[in-house]
Amino acid sequence: MGANTSQVSDLSESQSIRTLIGPDAISENEPFWNQLISFTFTSPTCSADAKLLEEAVVPLAKTLIQNNPRSGNFGALVRVFLSRTKELKISTECQDQLFIWQAHNALFLVRCLLKVFIREMNEEELHLQFSYQERAPGTYDSICEDLLEELVCNLVHLIVEVPLLDITYNILFEAVTTLLVLLSYQLFHKEVLREGLIYGYLTRGRCLSLTSRLVKTLLYNFIRQEKCPPATHVLQTQSDGGGLLYGLASGVASGLWSVFTLGGVGSRPGAEQDLNPLPLSNQSLLLLLVLANLTDGPDCPNPYRQAVTCFKNTQDSSSIPSPQPHTFQINFNSLYTALCEQQKSDQVTLLLYTLLHQNSNMRTYILSRTDMENLVLPILEILYHVEERNSHHVYMALIILLILTEDDTFNRSIHEVMLKNISWYTERVLTEISLGSLLILVVIRTIQFNMTRTRDKYLHTNCLAALANMSAQFRNLHQYAAQRIISLFALLSKKHNKVLEQATQSLRGPLGADDTTVLPDYAQDLNVIEEVIRMMLEIINSCLSNSLHYNPNLLYALLYKRELFEQFRSHPSFQDIMQNLDTVIGFFSQRLEQAGSDLSVERVQEVIKKGAAALPKERLKKFPELKFKYVEEEQPEDFFIPYVWSLVFNSGVGLYWNSQGIELFSMDSP
């Protein structure tokens, strides 16, 4: 192969690789290992390069699977990596880049081989691959070590102990990625895995004491958003006098290839690289989500979920010890800023959902912020571009809004935050609008999109629940937001009449129709539409009952389209809720008649404002407060585990899986 090799396709020609995967055992003390792991590159970060690498590694790994029981070379490679990590922290402090570089390369080789092993065999068979080792004839092992457990624990130690610097970035990225690969057995099982060897190593035993430190480190990796250092970093500093050892190592470098630049050999510089300029941040977040969504064991809850649900703010000076295990402190301000800045990706939205739903400390902190628009605007933008997003991302964004609207202070404060020129809202120029009015506009748009395209009842329910939670605190609604509320009701009314007409015709039946003809279930459609209409009437009623005098624009829109509501006055499903609307419409209609004919818009608004102050509140019937609370469905893991792994599959940096054999989700999943 030679020192100048730079193509993935040359892998199979490499003498070092052929020796590694061959039938002959190589002692851990031989110079071969130093030669094997002395190559310089940065792991591929785009899927095209990862695919090339995977396709080159698969046949080599399969050969090793056949020969490893005799040679034990895979276990020897793992032990070579482990021996180099024992002094990794000291090497970092001493700026010993050669040592870190070789440890990284050894781990990269282990990870590439493991990825194929996991696809080809179950955990027990994988465990065996770690146990094979060269034995002299007539001798027996006196030490029975679990090399797989040793590797898992070593990776966790590496992530939490080694500081994040330019010289350690790549090995930390590789450690996080290798843990993801070790957990990837889930991809090849349709059912949710609830136990296993690797699951046990991470949730019990030696790794358990590092739970909170691992979660904290992964969160800080996400928060720091560190870019990958330049690919030539190690080469430049080492060539300035790395000493005899470096000169020797580079002289015999004939491992995988000599230089593999970020973005891949032969790719245009910067083209693919920019797809994910934050590989460690992204990969750490994916690993955190995978760990937090592991199922509870039969005898112990998931420690990573416990850590995610109970961590506190570094500013929290409370001396009361937490009764929950695995708690720690983290800077909430930094975490909040990162969450606001990175909302465009599914995984960040999922992290925000997880923290809002499960960590009461973080939820309280978020709701106390006075710059809530920084968090809410990116969520609204996700919903606004609903047709470009996958359904899971839209659900998460919507549920985040629902959780936020459970808080009355949030519902009041969003109407006090004024925004100017929302560039992504293109249907109408909004020179100035409150955050509350914009939220209403986007949620209504989502409902209308859903009515015409996806017709997802779950989406409707959550949109309406968020509007209902806000309705009692609607304040000074923007004219356009008020119009859209009534326009949505008009659309529902029109749809109701159409389905009612179709249902009536289907009952009559066409002449000569066969009794076996399958007719659409209009009764069910009608029932769904009437539920939504009822909810919209309750939302309008809640606003009128609680904040009528704050919302002249809604009153104006209601009176302008008052004929829409007449057909529902005598409808048995709506009679009770229509009483208040009738009262309000009748009261203001009378006042407008008394004011004369041909009134200008300004005069009508003046009459409405004066009338709002004069309408006796006791004339409006009291209804129970509209309040909806988000509750996770039973066995949420059936939704979240496939979702999280679909994100790893689609967004994992430098990771490529052939879609054949993936059982956990269908390929059209997000």
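Rules used throughout
Residues numbered from 1 in each chain as written. Predicted model: local features only at pLDDT ≥ 70, side-chain atom pairs only at ≥ 80, totals over all residues. Heavy atoms only, no water. Helix = DSSP H or I, 4+ residues; strand = E, 2+ residues; numbered from the N terminus. Buried < 20%, exposed > 50% of the residue type's maximum accessible area, 1.4 Å probe, protein only. Contact = heavy atoms within 4.5 Å. Areas by Shrake-Rupley, 256 points an atom, 1.4 Å probe, with all protein chains shown as cover. Expected span 1.5 Å × (residues − 1). pLDDT = per-residue confidence, 0-100. Salt bridge = Lys/Arg side-chain N within 4 Å of Asp/Glu carboxyl O. Axes fitted to C-alpha atoms, helices over the stretch in contact; angles between N-to-C directions. Parallel < 35°, antiparallel > 145°, perpendicular 65-115°, else oblique. Left-handed = near helix turned anticlockwise from the far one by under 90°. Nonpolar A, V, L, I, M, F, W, Y, C, P; charged D, E, K, R; others polar. Core = buried A, V, L, I, M, F, W, Y, C linked by side-chain atoms within 4.5 Å. Phe/Tyr/Trp six-rings, centres within 6.5 Å; stacked < 30°, edge-to-face > 60°.

1. Some words on the overall build of the chain
In step 1: For the chain, the count of helices and strands is 29 helices and 6 strands.
In step 2: Split into buried and exposed, the 670 residues of the chain put 54% on the buried side.
In step 3: Here the contacts in the chain between residues at least 6 apart in sequence split such that 77% fall between residues at least 24 apart.
In step 4: Only carbon and sulfur atoms are counted for the fraction: they give 50% of the accessible area of the chain, which is about 30000 Å².

2. Concerning helix α20 (residues 391–404)
In step 1: Under the 1.5 Å per step criterion, the end-to-end length of α20 is 20 Å for 14 residues, consistent within 8% with the ideal 20 Å.
In step 2: Across the 14 residues that make up α20, a large majority, 13, are buried.

3. Considerations on unusual backbone geometry
In step 1: Positioned with a positive phi, His326 is a non-glycine residue whose angle comes to about 65°.
In step 2: With respect to the helices and strands, His326 occurs in the loop between β3 (312–313) and β4 (329–330).
In step 3: Although it is not a glycine, Asp598 sits at a positive phi angle of roughly 50°.
In step 4: Relative to the helices and strands, Asp598 is located in the loop between α27 (575–594) and α28 (601–614).

4. Comments concerning the confidence of the model for the chain
In step 1: Scored by pLDDT, the chain has a mean of 85; 86% of the residues are at 70 or more.
In step 2: Note that residues 136–143 has pLDDT below 50 and, in this model, 2 contacts with residues that lie over four places away or in other chains.
In step 3: Here residues 232–274 is a poorly scored stretch, pLDDT under 50, and it has 84 contacts once near neighbours within four places are set aside; other chains count.

5. Details of the pattern of salt bridges
Oppositely charged side chains can pair when the atoms bearing their charge come close.
In step 1: Applying the stated criterion across every chain yields a total of 20 salt bridges.
In step 2: Taking the shortest distance from any N to any O, the salt bridge between Lys627 and Asp408 comes out at 2.8 Å. Of this pair, Lys627 sits in the loop between α28 and α29 (637–651) while Asp408 is found in helix α21 (residues 408–413), placing the two residues 219 residues apart along the sequence.
In step 3: Look at Lys627 and you get partly exposed, because its relative accessible area is 34%.
In step 4: Taking the relative accessible area as the measure of exposure, Asp408 reaches 27% and is therefore partly exposed.
In step 5: A salt bridge links Arg569 to Asp582; its shortest N-O distance comes to 3.0 Å. Of the two residues, Arg569 is situated in the loop between α26 (552–560) and α27 and Asp582 in helix α27; the sequence distance between them amounts to 13 residues.
In step 6: We classify Arg569 as partly exposed; its relative accessible area is 41%.
In step 7: A network of salt bridges, in which partner residues are shared, links Arg534, Glu538 and Asp576.

6. Observations regarding the packing of helix α17 (residues 346–358) against α29
In step 1: Two elements in contact, α17 and α29, have axes whose closest approach is 10 Å; the angle formed by their N-to-C orientations is 150°. Our classification of the angle between α17 and α29 gives roughly antiparallel. Taken as a pair, α17 and α29 cross one another with a handedness that is left-handed. Mapping the contact onto sequence places Asp346, Gln347, Leu350 and Tyr353 in α17 and Phe640, Tyr643, Val644, Leu647 and Ser651 in α29.
In step 2: Of the residues belonging to the contact of α17 with α29, the class tally is 6 nonpolar, 2 polar and 1 charged.

7. A look at the side chain of Asn302
In step 1: Inspection of the secondary structure assignment puts Asn302 in the loop between α14 (279–292) and α15 (303–310).
In step 2: With relative accessibility at 0%, the residue Asn302 sits in the buried group.

8. Observations concerning the environment of Lys312
In step 1: Mapped onto the elements of the fold, Lys312 is located in strand β3.
In step 2: Separated by 50 residues in sequence, Lys312 and Met362 place their C-alpha atoms 7.4 Å apart.

9. Concerning α17
In step 1: An ideal rise of 1.5 Å per residue puts 18 Å on 13 residues; α17 measures up with 18 Å between its terminal C-alpha atoms.
In step 2: Those residues of α17 that fall on the buried side of the exposure criterion are Asp346, Gln347, Val348, Thr349, Leu350, Leu351, Leu352, Tyr353, Thr354, Leu355 and Leu356.

10. Topic: the nonpolar core
In step 1: The biggest cluster of nonpolar side chains holds 223 residues, and the ones touching the most others in it are Leu438 and Phe565.
In step 2: A total of 13 residues in this core trace back to one element, the largest contributor, which is helix α6 (residues 97–120).
In step 3: When neighbours within four sequence positions are excluded, Phe565 is seen to be in contact with Ile486, Phe489, Leu537, Ile540, Leu558, Met578, Leu581 and Ile585.

11. Digging into the packing of aromatic side chains
In step 1: Taken as a whole, this structure holds 22 aromatic pairs when the rule is applied.
In step 2: With a centroid separation of 5.1 Å and 80° between ring planes, the pair formed by Phe74 and Phe130 is classed as edge-to-face. Taken together, the positions of Phe74 in helix α4 (residues 73–85) and Phe130 in helix α7 (residues 123–131) put the pair 56 residues apart, joining distant regions of the chain.
In step 3: The class of Phe130 is buried, set by a relative accessible area of 2%.
In step 4: Their ring planes at 90° and their centres at 4.9 Å tell us that Phe639 and Phe640 sit as a pair that is edge-to-face.
In step 5: A relative accessible area of 28% means that Phe639 is categorised as partly exposed.

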